[in-house]
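Examining the three-dimensional arrangement
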Amino acid sequence: MDQRDVVIVGAGQGGAQVAAALRREHYTGSIALIGDEPEFPYERPPLSKDYLAGDKPFEQLLLRPRDFWAGHEIDLRLGQRVVSVNPQAHRIRTSEGAEIEYGTLVWAAGASPRRLPCERDVLAGVHVVRTRADIDRVMAELPQVRRVVVIGGGYIGLEAAAVLTKLGKAVTVVEAQTRVLARVAGEALSRFYEAQHRRHGVDLKLGALVDHLTSRDGKVTAVGLADGSELPADLVIVGIGVVPATSPLADAGLECRNGVKVDEYCRTALPDVYALGDCAAHINRFAAGSAPIRLESVQNANDQATVVAQCIIGKPAPYAALPWFWSDQYDLHLKTVGLSTGHDDAVVRGDLDSGTFSVVYLKQGRVIALDCVNVMRDFVQGKNLVRAGAVIDREALADGGTPLKTLAAAAA
C-alpha cells in the first residue's frame, strides 16, 4: 500500500499552490500531487486569452519550472483521476486502481464544463474552454473555420469571442439572459461590453435559448434556437458554467450541493480532509446573504491554498481574503474587487464612451464592489473601500477626477 503524509487531488492553481506553500514553509512530510491532465501544473486564465490568440506559448503558462516538483520532493502524478475516497481508512483510489493512504487529504479537483442539455451526441466542432487540450483542439480546427457560435455571454465566452474575432472569424454570441455578464456585473458594465463587441463585429443574440445542434457526418453545422432560427457554425464554443468535481466526496458522505461545504479553515466534515478552489463552497463575508458560495478565481484558489497549508503545518488562520478577478477583451483590461451580487445602486466614475471608467456598487449606501475598466488606480484604492464597507457620498463617487483614497480619507 502506497502512503503519503499529504495527498492533494487536483494539480491546478490551488492544488499546486498548497504543495509549493508547504515546501516554502519547510514542511518535511511526504506530498503527492495528483492531476487528471498529462500537463505539468499551469495557469488556466490565459487559455481563453493569450494562449488561444497564439501570443503566449504553453511553457509560459507553467506555474513552476518542470524540475521544481521533483526538486522539492513533490510526487507529481499526472494523467490520474481519483474516483473514490475512504475516509475511515484514510485512503483514495484512482481510475487505474492504485490506492494511496493519506494523513491529510486536500481536495482541489476544480470543476468540469457544463454541457448543453441538447448535446446528446459528441459532435466534432463543439468545444469547451477548460484545459490546454480543449484549446489545442480549437486551434487545430481554426484554419478551416469561418463562422463561430459562442454559447454563453459570461467572461469565458466573451474572452473567446474577442480573440476569435481578432483572428478574423465571424462570431455570434448566444446568451440566454437579456444581457451579457448578467450573473456577475451590473447593467452599465453589461451594456458597455455589448457595445464593444458589436463595434468589433460580433453578433449578439440576447435572451436567446439554444434548442438543438444541427450536424452533418458527425460534425456540427448550425446552432438551432428556440425561436426556430438557425445560426450556421463551423465551430461552437460552449461556455455556460461549470460543475464542481465533488462526486467521490459526495459518495463518501459529504454535502456537495454546489461544491463541497467547508468552514473558514477550508475543512470539510470528514476528518483530515480539506477542500478549496472552484469545488469548495465557503462562507464569504463579502458576499450577500449567509449561504455558502463558490468563487471561480485564481485569487480564491491561491488564498484558500495558503489557508490549507498553514493549517497543515499547525499555524491555522481563517480565510478572510477580499475577492478579486480580471478579464481581458480587445484592449480592455477589467479588474473587479468585491462581489456586486445584491447591490441596490451603482455609480459610474468616468466616461463609458472613453473605455476608461469604473462602476462602484453600493448596498444600503455602503461600497461592496468595483468594476474597473482600464483604471488600475480605482482598483487599487477601491480595495480599502470594499474592506471597510465605506459610506461615501454618491455624487463624490461619480467624480472620476477625485482619487478614491481621498474620498476614503474624508469618510474616515
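Up top you'll find the structure we're talking about.
Below: a short report on this structure. (Residues numbered from 1 in each chain as written. Predicted model: local features only at pLDDT ≥ 70, side-chain atom pairs only at ≥ 80, totals over all residues. Heavy atoms only, no water.)

1. Some remarks on the overall build of the protein chain
- Of the regular secondary structure elements, the protein chain holds 11 helices and 24 strands.
- Relative to its length of 412 residues, the protein chain is compact, with a C-alpha radius of gyration of 22 Å against a globular reference of 22 Å.
- Dimensions of the protein chain along its principal axes, counting C-alpha atoms only, are 65 × 60 × 35 Å.
- Within the span of the protein chain, comprising 412 residues, buried residues form 53% of the whole.
- Sequence-distant contacts, at least 24 apart, represent 58% of the contacts inside the protein chain between residues at least 6 apart.
- Summed over all atoms, the accessible surface of the protein chain reaches about 18,000 Å², with 48% contributed by carbon and sulfur.
- Across the protein chain, the 45 positively charged side chains and the 50 negatively charged ones have centroids separated by 1 Å. (Helix = DSSP H or I, 4+ residues; strand = E, 2+ residues; numbered from the N terminus. Rg over C-alpha atoms; globule rule 2.2 N^0.38 Å. Buried < 20%, exposed > 50% of the residue type's maximum accessible area, 1.4 Å probe, protein only. Contact = heavy atoms within 4.5 Å. Areas by Shrake-Rupley, 256 points an atom, 1.4 Å probe, with all protein chains shown as cover. Lys, Arg positive; Asp, Glu negative; His and termini not counted. Charge placed at Lys NZ, Arg CZ, Asp CG, Glu CD.)

2. Thoughts on the sheet that holds strand β11 (residues 203-206)
- Pairing is parallel across the open sheet formed by 5 strands, whose spatial order is β8-β15-β9-β10-β11. Strands at the two margins of the open sheet, each flanked by one partner only, are β8 (126-128) and β11. This sheet shows a mean twist of 20 degrees between the axes of neighbouring strands, independent of strand direction.
- Here strand β9 (residues 147-151) runs beside strand β10 (residues 170-175); their pairing, made up of 5 bridges, is parallel. By the bridge assignment, V150 is partnered in β10 with V173.
- Across the sheet, helix α4 (residues 132-141) is in contact with β8 and β15 (235-238); its angle to β8 comes to roughly 145 degrees. (Pairing = 2+ DSSP bridges. Axes fitted to C-alpha atoms, helices over the stretch in contact; angles between N-to-C directions.)

3. Some details on helix α5 (residues 155-166)
- With 12 residues, α5 extends 17 Å between its outermost C-alpha atoms, agreeing within 8% with the 16 Å of an ideal straight helix rising 1.5 Å per residue.
- Burial analysis of α5 places 9 of its 12 residues in the buried class, which makes it a mostly covered element.
- Along α5, the residues classified as buried are G157, L158, E159, A160, A161, A162, V163, L164 and T165.
- Along its buried surface, α5 packs onto α2 (50-53), β9, β10, α6 (187-199), β15 and β20 (324-329). (Expected span 1.5 Å × (residues − 1).)

4. Topic: the packing of aromatic side chains
- Taken as a whole and judged by the stated rule, the model has 7 aromatic pairs.
- On the numbers, 4.9 Å between centres and 85 degrees between planes, the contact of F68 with W69 is edge-to-face. Comparing F68 with W69, the two get one shared label, buried.
- For the ring pair F192 and Y193, a centre distance of 5.3 Å and an interplane angle of 80 degrees mean the geometry is edge-to-face.
- Members of the aromatic cluster, each reached through a chain of ring pairs, are Y42, Y51 and F58.
- Directly above the ring of F58 sits R132, whose terminal nitrogen or CZ lies 3.9 Å from the centroid. (Phe/Tyr/Trp six-rings, centres within 6.5 Å; stacked < 30°, edge-to-face > 60°. Lys NZ or Arg CZ within 6 Å of the ring centre and 35° of its normal.)

5. Quick notes on the side chain of R130
- Positionally, R130 belongs in the loop between β8 and α4.
- Taking the relative accessible area as the measure of exposure, R130 reaches 15% and is therefore buried.
- Apart from the residues within four sequence positions on either side, R130 is in contact with Y42, R44, L47, G110, A111, P113, V242 and D278.

6. A closer look at the packing of helix α1 (residues 13-24) against helix α8 (residues 298-312)
- Axis separation between α1 and α8 bottoms out at 8 Å; the angle between their running directions is 35 degrees. Our pair here, α1 against α8, has a crossing hand that is right-handed. Facing α1, whose interface residues are Q13, G14, Q17, V18, A21 and L22, α8 presents V298, A301, N302, A305, T306, V308, A309 and I312. (Left-handed = near helix turned anticlockwise from the far one by under 90°.)

7. A closer look at the side chain of R294
- For R294, the location among the structural elements is in the loop between β19 (280-281) and α8.
- Side-chain polar atoms of R294 contact the backbone oxygen of D278, separated by 2.6 Å.
- Among the polar contacts made by the side chain of R294, one reaches the side chain of E296 at a distance of 3.2 Å.
- With near-sequence residues (within four places) excluded, R294 lies in contact with V242, P244, N258, G259, D278, C279, A280 and A281. (Polar contact = N/O pair within 3.5 Å; in protein donor to acceptor, adjacent residues only side chain to side chain.)

8. Some thoughts on the environment of A226
- Along the chain, A226 turns up in the loop between β13 (219-225) and β14 (230-232).
- For A226, a relative accessible area of 54% puts it in the exposed group.
- Beyond its immediate sequence surroundings of up to four residues, A226 is in contact with L209 and D211.

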